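The lines below spell out each chain.
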Amino acid sequence: MSYAETMAALDAKREEIAALQAQMRTLQAAVEPEVVQDYALAGWNGPVRLSELFGAKRDLIMIHNMGTGCPACTMWADGFNGVYDHLAARAAFVLASPNPVDVQKKFAAGRGWRFPMVSYEGSRFAEDMGYREFGVAEFDDKLGGWSPGVSTFRRDGERILRLSNAGFDDGDGFCVVFNLFDLIPDADPTWRPQYSYA
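Residues numbered from 1 in each chain as written. Predicted model: local features only at pLDDT ≥ 70, side-chain atom pairs only at ≥ 80, totals over all residues. Heavy atoms only, no water.

What follows deals with the pairing of strand S7 (residues 149-156). The two faces of the sheet receive side chains in turn, since in a regular strand these alternate between them. Pairing analysis gives six bridges linking strand S4 (residues 59-64) to S7, with the strands arranged antiparallel. Directly across from Leu60, in S7, lies its bridge partner Phe153. Strand direction decides the pairing type here: S7 and strand S8 (residues 159-167), joined by eight bridges, are antiparallel. Paired with Arg155 across the strands is Ile160, a residue of S8. Remark: two residues form the turn of the hairpin made by S7 and S8, two consecutive strands paired antiparallel; Gly157 in that turn has positive phi of roughly 65°. (Pairing = 2+ DSSP bridges. Helix = DSSP H or I, 4+ residues; strand = E, 2+ residues; numbered from the N terminus.)

What follows is the structure in structure tokens.
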């Protein structure tokens, strides 16, 4: 297939994806939010409630990160760091991981992360939100059952509502790296995120 023919076929597929994304936005707009409790989490300056993470914003984007043991989660977080100002202009943005606060602080400083972080330590928050699962060998053996993704929340008076959530995986729209690699035919299929490439 010629370059022009291939690009035309790919453009048609991108239009199909755009139509599906529009349908997903319509479904999302019609969701009945889930009421969640005001969880206590470990903040960098002491215990913090989920409600406090909103700051002055109505909405909160919470990244569920598997922590320092996961190079892929680190890559996703590096990407969020680059667009943090844009995200924080619209909603509060916080990354949560199972690592203790002192470990988070050191790791974040080494990567230059600017966004707020909290720890799951001592909380059922990750489990209740569906981001810790047991019985999945690859997660249990390596990362303690944690899984990655995002939840969005809204403050509604005294209530906290979960509006949506989505898991993270290779090739998703939450990490630009794989989408750019998709534009390179026969790219190295063994490539995996690393903490450093030096």
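A word on the environment of Phe93. Locating Phe93 in the fold gives a position in strand S5 (residues 92-97). Counting along the chain gives 24 residues from Phe93 to Met117, while the straight-line C-alpha distance between them is 8.9 Å.

Here the focus is the side chain of Ser151. Looking at the element boundaries, Ser151 is found in strand S7. A distance of 2.8 Å separates a polar atom in the side chain of Ser151 from a polar atom in the side chain of His64. Only 3.1 Å separates the side chain of Ser151 from the side chain of Arg162, close enough to count as a polar contact. Excluding its chain neighbours within four sequence positions, the residues that come into contact with Ser151 are Leu60, Ile61, Met62, His64, Tyr131, Arg162, Ser164 and Asn165. (Polar contact = N/O pair within 3.5 Å; in protein donor to acceptor, adjacent residues only side chain to side chain. Contact = heavy atoms within 4.5 Å.)

Counting residues in each nonpolar core, the largest one holds 43 residues, and the members touching the most others are Leu50, Leu53, Met62, Phe115, Phe125 and Phe153. Of all the secondary-structure elements, those providing two or more residues to this core are S4, helix H2 (71-82), S5, strand S6 (117-119), helix H5 (125-129) and S7. Ranked by residues supplied to this core, first place goes to H2 with six residues. If sequence neighbours within four positions are ignored, Phe125 has contacts with Tyr39, Leu41, Leu50, Met62, His64, Tyr120 and Phe153. (Core = buried A, V, L, I, M, F, W, Y, C linked by side-chain atoms within 4.5 Å. Buried < 20%, exposed > 50% of the residue type's maximum accessible area, 1.4 Å probe, protein only.)

In this structure the tally under the stated criterion is 18 aromatic pairs. On the numbers, 5.8 Å between centres and 65° between planes, the contact of Phe93 with Phe115 is edge-to-face. Residue Phe93 is found in strand S5, and its partner Phe115 is found in the loop between helix H4 (101-111) and S6; the two are separated by 22 residues along the sequence. One exposure class covers both Phe93 and Phe115, and it is buried. Pairing Phe107 with Tyr195 gives two aromatic rings, centres 6.2 Å apart and planes at 90°, and the pair type is edge-to-face. Of this pair, Phe107 sits in helix H4 while Tyr195 is found in the segment after helix H7 (176-181), placing the two residues 88 residues apart along the sequence. With a relative accessible area of 34%, Tyr195 lands in the partly exposed category. Just above the ring of Trp146 sits the side chain of Arg132; from NZ or CZ to the centre is 4.0 Å. (Phe/Tyr/Trp six-rings, centres within 6.5 Å; stacked < 30°, edge-to-face > 60°. Lys NZ or Arg CZ within 6 Å of the ring centre and 35° of its normal.)

That's the geometry; what it means functionally is another story.
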